[in-house]
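Here's the letter readout for the chains.
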Amino acid sequence: MYKKVSTNLNFVEREKETAQFWKDHDIFKKSIETREGDPVYTFYDGPPTANGKPHIGHVLTRVIKDMIPRYRTMKGYMVPRKAGWDTHGLPVELEVEKKLGLDGKEQIEEYGLDPFITQCKESVWKYKGMWEDFSKTVGFWADMDNPYVTYNDNFIESEWWALKTIWDKGLLYKGFKIVPYFPRFVTPLSSHEVAQGYKAVKERSAVVRFKVAGEDAYFLAWTTTPWTLPSNVALCVNPEETYCKVKAADGYVYYMAKALLDKVLGKLGTEETPAYEILETYKGTDLEYKEYVPLYEGAAKSAEKQHKKAHFVTCADYVTMSDGTGIVHIAPAFGEDDAQVGRKYDLPFVQFVDGKGSMTEDTPYAGLFVKDADPKVLVDLDKEGLLFDAPKFEHDYPFCWRCDTPLIYYARESWFIKMSDPEVKANLIANNKTINWIPETIGTGRFGAWLENVQDWGISRNRYWGTPLNIWVCDDCGEMLSIGSKAELKEHSDNCPDDIELHRPYIDAVTCTCPKCKGKMKRVPEVIDCWFDSGSMPFAQHHYPFENKEVFEQQFPAKFISEAVDQTRGWFYSLLAISTLLFNKAPYENVIVLGHVQDADGQKMSKSKGNAVDPFDALQKHGADAIRWYFYENSAPWLPNRFHDKAVTEGQRKFMGTIWNTYAFFVLYANIDDFDATKYTLEYDKLPVMDKWILSKLNTLVKTVDNNLANYKITETARALEEFVDELSNWYVRRCRERSWAKGMEQDKI
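Bear in mind that the values here come from a model prediction, so they are computed numbers and not experimental data. Each chain has its residues counted from 1, following the order in which its sequence is written. Local features are withheld for residues below a pLDDT of 70 in this predicted model, meaning they are given only at 70 or higher, and side-chain atom pairs are given and counted only at 80 or more; totals for whole chains, interfaces and linings count all residues. Neither water nor hydrogens contribute to the side-chain values; these are computed over all heavy atoms in the structure.

(A) Fine view of helix α6 (residues 113-123). Any residue under 20% of the maximum accessible area for its type is buried, any over 50% is exposed, and the rest in between are partly exposed; the area is computed with a 1.4 Å probe on protein chains only. Numbering of helices and strands starts at the N terminus; helices are DSSP runs of H or I of at least 4 residues and strands are runs of E of at least 2. Listing the buried residues of α6 in full gives Leu113, Phe116, Ile117, Gln119, Cys120 and Ser123. Buried residues in α6, looked at end-on, bunch into an arc of 155°, giving them a common side. We call two residues contacting when some pair of their heavy atoms lies within 4.5 Å. The elements touched by buried residues of α6 are α4 (90-100) and α5 (105-111). Here, the arc refers to the directions that run from the helix axis to the C-beta atoms.

(B) Structural view of the packing of aromatic side chains. Only rings of Phe, Tyr and Trp enter the pairing, Trp through its six-membered ring, and a pair is recorded when the two centres are within 6.5 Å. The plane angle decides the type: under 30 degrees is stacked, over 60 is edge-to-face, the rest tilted. Enumeration according to the criterion identifies 53 aromatic pairs in this entry. Consider the rings of Trp457 and Phe532, whose centres lie 5.8 Å apart with planes at 50°: the pair is tilted. Residue Trp457 is located in strand β19 (residues 457-458), and its partner Phe532 is located in helix α17 (residues 530-535); the two are separated by 75 residues in the primary sequence. Neither residue differs from the other here; Trp457 and Phe532 are each classed as buried. Taken together, a centroid distance of 5.1 Å and an interplanar angle of 55° make the contact between Phe665 and Tyr669 tilted. Remark: Tyr669 and Phe665 occur in helix α23 (residues 645-672); sequence separation between them is four residues, near one turn of the helix.

(C) Spatial organisation of the nonpolar core. In terms of nonpolar packing, the biggest core is built from 78 residues, with Phe210, Phe219, Leu265 and Leu381 touching the most fellow members. Beyond its immediate stretch of four places on either side in the chain, Leu265 contacts Leu220, Val246, Tyr254, Met256, Ala275, Tyr276 and Phe388. Residues Val63, Leu102, Val124 and Phe655 belong to the second largest nonpolar core, which totals 69 residues. The criterion is simple. A nonpolar core is a set of buried Ala, Val, Leu, Ile, Met, Phe, Trp, Tyr and Cys residues joined through side-chain atoms within 4.5 Å.

(D) Inspection of the layout of surface pockets at higher detail. For cavity detection a 1 Å grid was placed over the protein atoms alone, and a set of points counts as a cavity when a 1.4 Å probe fits there but cannot get out; an open set counts as a pocket when protein lies on both sides within 12 Å along at least five of seven lines, with lining residues being those that have an atom within 4 Å of a point. Grid points are joined across faces, edges and corners, and a volume is the space filled by probe spheres set on the points. The space that makes up the second largest pocket amounts to roughly 1,500 Å³. Considering each element in turn, the lining of the second largest pocket owes the most residues, eight residues, to helix α1 (residues 12-24). Following the grouping adopted for this structure description, the nonpolar residues are Ala, Val, Leu, Ile, Met, Phe, Trp, Tyr, Cys and Pro, the charged ones are Asp, Glu, Lys and Arg, and the polar ones are all others, Gly among them. Here the lining of the second largest pocket is built from residues that sort into 24 nonpolar, six polar and twelve charged.

(E) Spatial organisation of the packing of helix α8 (residues 153-168) against helix α20 (residues 571-583). Running from N to C, α8 and α20 point in directions that differ by 60°, and their axes come no closer than 10 Å. The way α8 lies across α20 gives a crossing that is left-handed. For the pair α8 and α20, contact is made by Trp161, Ala162, Thr165 and Ile166 and by Leu581, Leu582 and Phe583, respectively. Only the stretch in contact is used when fitting a helix axis, every axis being a line fitted to C-alpha atoms; angles between N-to-C directions are given from 0 to 180 degrees. Left-handed is the label given to a crossing in which the near helix is rotated counterclockwise from the far helix by less than a right angle, and right-handed is the label when the rotation is clockwise.

(F) Summary view of the packing of helix α7 (residues 128-138) against helix α21 (residues 615-622). With their axes 11 Å apart at the nearest point, α7 and α21 run at an angle of 30° to one another. Comparing their axes, α21 and α7 come out roughly parallel. Crossing handedness for the pair α7 and α21: left-handed. From α7, Met130, Phe134, Thr137 and Val138 reach across to α21, where they touch Pro615, Phe616 and Leu619. Within the contact of α7 with α21, the residues separate by chemical class into six nonpolar, one polar and no charged. Any angle from 65 to 115 degrees is called roughly perpendicular, while one under 35 is roughly parallel, one over 145 is roughly antiparallel, and all others are oblique.

(G) Main features of the sheet that holds strand β26 (residues 561-564). Two strands qualify as a pair provided that DSSP identifies no fewer than 2 bridges between them. Strand order in this open sheet of three strands is β18-β27-β26, and the pairing throughout is parallel. Of all strands in the sheet, those bounded by a partner on one side alone are β18 (436-438) and β26. For this sheet, the mean angle separating the axes of adjacent strands, direction not counted, is 20°. Pairing of β26 with strand β27 (residues 590-594), which is carried by four bridges, proceeds in the parallel orientation. What sits directly across from Ala564, in β27, is Leu594. Those strands touched by α20 are β18, β26 and β27, and its axis lies near 140° from that of β26.

(H) Inspection of the sheet that holds strand β21 (residues 471-474) at higher detail. With antiparallel pairing, the four strands of this open sheet are ordered in space as β22-β21-β24-β23. Of all the strands in the sheet, just β22 (480-482) and β23 (512-513) have a single pairing partner and so form its edges. Helix-sheet contacts for α8 involve β21 and β22, and the interaxial angle to β22 is about 130°.

(I) Region of interest: the side chain of Glu633. Secondary-structure assignment places Glu633 in helix α22 (residues 624-633). His is not counted, nor are the chain ends; Lys and Arg add positive charge and Asp and Glu add negative charge. Should a side-chain nitrogen of Lys or Arg be within 4 Å of a carboxyl oxygen of Asp or Glu, the pair is scored as a salt bridge. Although buried, Glu633 forms no salt bridge, and the nearest oppositely charged side chain, Arg719, lies 4.1 Å from it. Discounting chain neighbours no more than four positions away, the residues touching Glu633 are Thr715, Ala718, Arg719 and Glu722.

(J) Spatial organisation of the environment of Ala162. Mapped onto the fold, Ala162 is located in helix α8. With 378 residues separating them along the chain, Ala162 and Ala540 place their C-alpha atoms 9.2 Å apart. Once you skip the residues sitting within four places of it in the chain, Ala162 turns out to touch Phe532, Phe539 and Leu582.

(K) Spatial organisation of the pairing of strand β17 (residues 408-417). The buried fraction of β17 amounts to eight of the ten residues, a majority that puts the element mostly inside the structure. Pairing analysis gives ten bridges linking strand β4 (residues 172-182) to β17, with the strands arranged antiparallel. Its bridge partner lying in β17, Pro180 is registered against Tyr409. Judged from the two bridges that link them, β17 and β19 form a sheet pairing that is antiparallel. Bridge pairing in β19 places Ile417 opposite Trp457.

(L) Region of interest: the side chain of Glu563. Following the sequence through the fold, Glu563 ends up in strand β26. N or O atoms within 3.5 Å of each other form a polar contact, as long as, within protein, one can give a hydrogen and the other can take it, and as long as residues adjacent in sequence are counted only when both atoms are side-chain atoms. A distance of 2.6 Å separates a polar atom in the side chain of Glu563 from a polar atom in the side chain of Lys65. What Glu563 contacts, discounting residues up to four positions off in sequence, is Asp45, Gly46, Thr61, Lys65, Trp571, Phe572, Ile592, Val593 and Leu594.

(M) Representation of the environment of Asp456 within the structure. Here Asp456 is to be found in the loop between α15 (440-452) and β19. Overall, the relative accessible area of 9% leaves Asp456 in the buried class. Among the polar contacts made by the side chain of Asp456, one reaches the side chain of Ser420 at a distance of 2.6 Å.

(N) Highlighting the pattern of salt bridges. Counted according to the given criterion, the structure contains 37 salt bridges. Its salt-bridge partner being Glu215, residue Lys245 comes within 3.1 Å of it at the nearest N-O pair. Of the two residues, Lys245 sits in strand β10 (residues 242-248) while Glu215 sits in the loop between β7 (206-211) and β8 (218-223), which places them 30 residues apart along the sequence. Note that Lys621 is salt-bridged to Asp645, the shortest N-O span being 2.7 Å. Here Lys621 is found in helix α21, whereas its partner Asp645 is found in helix α23, with 24 residues between them in sequence. In this structure Asp645 comes out as partly exposed when scored by relative accessible area, which is 35%. Through salt bridges with shared partners, a single ionic network connects Asp45, Lys65 and Glu563.

(O) Inspection of the confidence of the model for the chain at higher detail. Confidence of the predictor in every single residue is expressed as pLDDT, which spans 0 to 100. When pLDDT is averaged across the chain, the result is 90; 97% of the residues are at 70 or more. Ranking the elements of the chain by mean pLDDT puts helix α9 (residues 191-194) last, at 63, and α8 first, at 98.

Written out as structure tokens, the structure reads:
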């Protein structure tokens, strides 16, 4: 007898029974153990942060990640799937600061690093149980009993080995560069972190009158960051463009680009009076070294102290004729283009903004955050008669991708990995070409373009909760030493505890003896970018190279990974970068890039908009299979998915309801006749045409599904299954159901 099938379509309770069966009988574990000795198919799971809650987008990533490993297991592979937790970084510190009522680095240090780090360790597990329940409910299989954890000493020690290897290749260096900087937390960010947080904003720009030295005339220069003007040391023109000296209708004489005269000055004219009269014409190079009066005394004094010439016109090709006046202001401390001009002309270094993003006492705006200083600067320039205009300007501006705080570009000492090294860059590009990107356009387009313009990786963070940067510096002679293991640390140190924990503040107390002058070496204070943590998981999860060498080599590279599209400049990049640096090999062979989950109107989901869907509510209402099926069948995984109840319910009805009712029909009549399939054989030659047709359809389906999943075509697979179920129910069963009503067990009925 077959188990009686209920005709109700509430699958939630049935799913819970299945999940409990899997747990009670260790089904996932057995699926691995029964494949011991079979070919290995490795899947890497990108580690979530356990101090943040799952959202509906995580359902999509979980169900896609689960599909391919299950398929490969069914094809006879041993598929190890180790779960992981991303446990370091700023989000954890933010959570702890909020909990403790702290605000900023000074209060953290007053509270004490030791108790603060202890709080961080506890905080990272805040939602661990929720994540595990979530994964179980979704039906996501991974080894959560033995996960890799990025704050574990073994994981960190493997990272130290990696960093030392990179150091020994001469690719880890300390530099003074313009970096994306997070003033709220006094730390730089990497370029791939910044890439995730740009927003289009409308702000006041400034068209400023700079008085030409010795002339009753002004350079009209443009900037989108008025707060940088107190640090101005030069102006810049395009050497090949044409510039004009004009008498304007407002009574001033201006120098600016000819191509922009009408755009900038046109509004000054009337029907009777022209906007301007051209007095002289120049090539950009004709204006080079022409001097002007400093806008602010502080910058002039700073230049004088440094014994460097400032406040003259420079030339650079990057100055365009699309916006502004064709003349830009130069503040080398706040932009890469400006810094390059500064190096070329040996300009003084003026940085009237402190590490917290506040204007210094060298300016009239001391203590103001840079963005708050913008309107004050404009008001003061206007009072002095030096502000020509302050037009609103829409442009992309970087914000912290986690907390939405504006960033600035800021010159500071930081540690970098030289990803722009010609050999490293060439290897990155070559290794990327070995990866099967789904869709292909990500690998050749978005990701490929990123690699073509790859920047050095700003690896250090001026924070507390993270993997400590493993560089020790001699107080006496400046010698630097990179330590690659606990054993090596103990060799060089006479005060390293046997049970040393590789975190601040404990590691900060360990000193080494300088191999060059025998002086005392102290560790640099920085920790590293937590993207280096997650990008090191292929080897660090195994504590390679200190142990498990064979396991790592068996499981590297991964056959398959999958995450959302924003990881092209996050995890996808950090994995490839580190693997290229260490092994010169791509760390994954196939990657499905996922689109984001949107609301019914195609809008991004957010709590503030009130359109966010709670994944637990959705799973309880529809069941995991219905939601899984919706994500598989709705659209190609890399396209945005509009998630709403009606669409999920419709998919459940059309596919799951149909196949369930079809099976219920079979069970009903099989039980009436006490049917036992093992007692009968199928005589193919005697089958009617409908039977041969449905068997042909079934075998075609098997071939189609196998071929599609072998090539990571999930949506095509789902739609083929849906089409078959429709034909099975609405054609085969409808036209053959009378055969089930016959008395006895004739061949036609069987």
